Every structure is written in C-alpha cells, then in structure tokens.
Amino acid sequence: MSMFGLGRPQPSSAEKIAAAEQEMDLVTDMFNKLQQACMKKCIPKDYREGEINKGEGVCLDRCAAKFFDVQMKISEELQAQATSRGATGGGLGFGGL
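Residues numbered from 1 in each chain as written. Predicted model: local features only at pLDDT ≥ 70, side-chain atom pairs only at ≥ 80, totals over all residues. Heavy atoms only, no water.

### Structural notes on the overall build of the chain
At step 1: Along its length, the chain carries 2 helices and 0 strands.
At step 2: Across the 97 residues that make up the chain, the buried fraction comes to 7%.
At step 3: A separation of at least 24 residues holds for 34% of the contacts in the chain among residues at least 6 apart in sequence.
At step 4: Total accessible area on the chain stands at roughly 8600 Å², and carbon and sulfur atoms take up 60% of it. (Helix = DSSP H or I, 4+ residues; strand = E, 2+ residues; numbered from the N terminus. Buried < 20%, exposed > 50% of the residue type's maximum accessible area, 1.4 Å probe, protein only. Contact = heavy atoms within 4.5 Å. Areas by Shrake-Rupley, 256 points an atom, 1.4 Å probe, with all protein chains shown as cover.)

Here is the structure:
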C-alpha cells in the first residue's frame, strides 16, 4: 500500500518484469508490422542492388512516418474512448449500456 494508505499498492518486481516484457512484446510487434508493411510497399521483390536507392529510402521514410501517425491517432482515439467510458461508469451495469 502507498503512503498514508491512499492509492494503489506498488507493483512487485515480478509484476514490473511482466509489464516490461509485455511492453517489449508490443514494441516488437509494432516494429514487425511497420517493417512488413513498408518493405512490401517500398522494396521490390527482385533486388537489383545491395543498398537501397534514394527512391526506396524516401518511400521507407514516408511509410514509417505515416505508420506512426496512424498509430498515434488510434492511440489517442482509444484513450478518449477509455476516458469517456470511465466517466460514464465503465460501460458495464445499468448506467453504461
């Protein structure tokens, strides 16, 4: 329990490790989705050169920027929905239907 008995208790080290592992899984998943989407869009299947050319680099840069833009908008929308659900009683029970 926190100081003066207010708030929630501090997480144990096992809980902190589990939360860090979950966050790492989410970041890894997001990176893999970004990599797959942008590689599919910007890099041709038949490699002609050992290095990416300028056009491919620009495409990858724009693709990554758009990907993160969309992820931020989705995150903001989900947070807004969660906040509104919290203000209306969580969406469960008699008042939340």
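Next comes the rest of the account.
### Notes on helix 1 (residues 13–42)
At step 1: Between its first and last C-alpha atoms helix 1 spans 43 Å; for 30 residues at 1.5 Å apiece the expected length is 44 Å, and the two agree.
At step 2: Leu 34, Cys 38 and Cys 42 are the residues of helix 1 that are buried. (Expected span 1.5 Å × (residues − 1).)

### Let's talk about the layout of surface pockets
At step 1: Estimates place the volume of the largest pocket at around 200 Å³.
At step 2: Taken together, Leu 26, Val 27, Asp 29, Met 30, Phe 31, Lys 33, Phe 67, Phe 68 and Gln 71 make up the full set of residues lining the largest pocket.
At step 3: By residue number, the principal contributor to the lining of the largest pocket is helix 1, which donates 6 residues.
At step 4: Taken as a whole, the second largest pocket spans an internal volume of roughly 170 Å³.
At step 5: Around the second largest pocket, the lining comprises 13 residues; the ones closest to its centre are Tyr 47, Glu 49, Glu 51, Ile 52 and Glu 56. (1 Å grid on protein atoms, 1.4 Å probe; cavity = no way out; pocket = protein on both sides within 12 Å on 5 of 7 lines; lining within 4 Å. Points joined across faces, edges and corners; volume = space filled by probe spheres on them.)

### Focus on the packing of helix 1 against helix 2 (residues 54–87)
At step 1: At a minimum axis separation of 9 Å, helix 1 and helix 2 run at an interaxial angle of 140°. Relative to helix 2, helix 1 is oriented oblique. The two elements helix 1 and helix 2 cross, and the hand of that crossing is right-handed. Judged by residue contacts, Met 30, Lys 33, Leu 34, Ala 37, Cys 38, Met 39, Lys 41 and Cys 42 of helix 1 engage Glu 56, Cys 59, Leu 60, Cys 63, Ala 64, Lys 66, Phe 67, Phe 68 and Gln 71 from helix 2. (Axes fitted to C-alpha atoms, helices over the stretch in contact; angles between N-to-C directions. Parallel < 35°, antiparallel > 145°, perpendicular 65-115°, else oblique. Left-handed = near helix turned anticlockwise from the far one by under 90°.)

### Let's talk about the nonpolar core
At step 1: In this structure, Leu 34, Cys 38, Cys 42, Ile 43, Cys 63 and Phe 67 together form the largest nonpolar core, which totals 6 residues.
At step 2: Elements represented by at least two residues in this core include exactly helix 1 and helix 2.
At step 3: Sorting elements by how many residues they give to this core places helix 1 first, with 3 residues.
At step 4: Beyond its immediate chain neighbours, meaning those up to four positions away, Leu 34 contacts Ala 64, Phe 67 and Phe 68. (Core = buried A, V, L, I, M, F, W, Y, C linked by side-chain atoms within 4.5 Å.)

### Observations concerning the pattern of salt bridges
At step 1: Counting across every chain of the model gives 2 salt bridges.
At step 2: Between Asp 29 and Lys 33 there is a salt bridge, with its nearest N and O atoms 3.4 Å apart. With Asp 29 and Lys 33 both in helix 1 and 4 residues apart, the pair spans about one turn of that helix.
At step 3: The class of Asp 29 is partly exposed, set by a relative accessible area of 36%.
At step 4: The class of Lys 33 is partly exposed, set by a relative accessible area of 47%.
At step 5: Salt-bridge contacts for Asp 46 lead to Arg 48; the nearest nitrogen and oxygen are separated by 3.6 Å.
At step 6: With a relative accessible area of 67%, Arg 48 lands in the exposed category. (Salt bridge = Lys/Arg side-chain N within 4 Å of Asp/Glu carboxyl O.)

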